[in-house]
Amino acid sequence: MKAEDLAADWPGQRRALFERLDVDDFATPSTFQSHKLTNRNDQFDDETREFIEEALGKVIPAMGYE
């Protein structure tokens, strides 16, 4: 489940996310906002990004990213 998808329809995607996590759905004060997702681009240097991608190797594709 990509952050961009969550941001596109937080109430609907929140329910789907909570269901996948097998937890009760409830309104949250925090939301995903698409305009805030672009701040993530290029926030790590190449070495740090490589470390993170290696550490999250199986998680990244499970979240819908390449």
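Here we take up unusual backbone geometry. Even without glycine at this site, D22 takes up a positive phi of about 60°. Residue position: D22 is located in the loop between α2 (10-20) and α3 (34-37).

This part covers the confidence of the model for the protein chain. Scored by pLDDT, the protein chain comes out at a mean of 85, with 98% of its residues at no less than 70. Ranking the elements of the protein chain by mean pLDDT puts α3 last, at 76, and helix α4 (residues 46-55) first, at 92.

Right, let's talk about a nonpolar patch on the surface for a bit. Taken together, the side chains of L56, V59 and M63 define a hydrophobic patch exposed on the protein surface, amounting to about 230 Å² of accessible area. Of the residues examined, V59 reaches a relative accessible area of 40% and is grouped as partly exposed.

A cluster of like negative charges, contributed by D45, D46, E47, E50 and E54, occupies part of the molecular surface. Position of E47 among the secondary structure elements: in helix α4. With relative accessibility at 66%, the residue E47 sits in the exposed group.

About the cut-offs
- Residues numbered from 1 in each chain as written.
- Predicted model: local features only at pLDDT ≥ 70, side-chain atom pairs only at ≥ 80, totals over all residues.
- Heavy atoms only, no water.
- Helix = DSSP H or I, 4+ residues; strand = E, 2+ residues; numbered from the N terminus.
- pLDDT = per-residue confidence, 0-100.
- Patch = residues over 30% accessible without salt bridge, like charges linked within 9 Å, V, L, I, M, F, W, Y side chains within 5 Å.
- Areas by Shrake-Rupley, 256 points an atom, 1.4 Å probe, with all protein chains shown as cover.
- Salt bridge = Lys/Arg side-chain N within 4 Å of Asp/Glu carboxyl O.
- Buried < 20%, exposed > 50% of the residue type's maximum accessible area, 1.4 Å probe, protein only.
- Lys, Arg positive; Asp, Glu negative; His and termini not counted.
- Charge placed at Lys NZ, Arg CZ, Asp CG, Glu CD.

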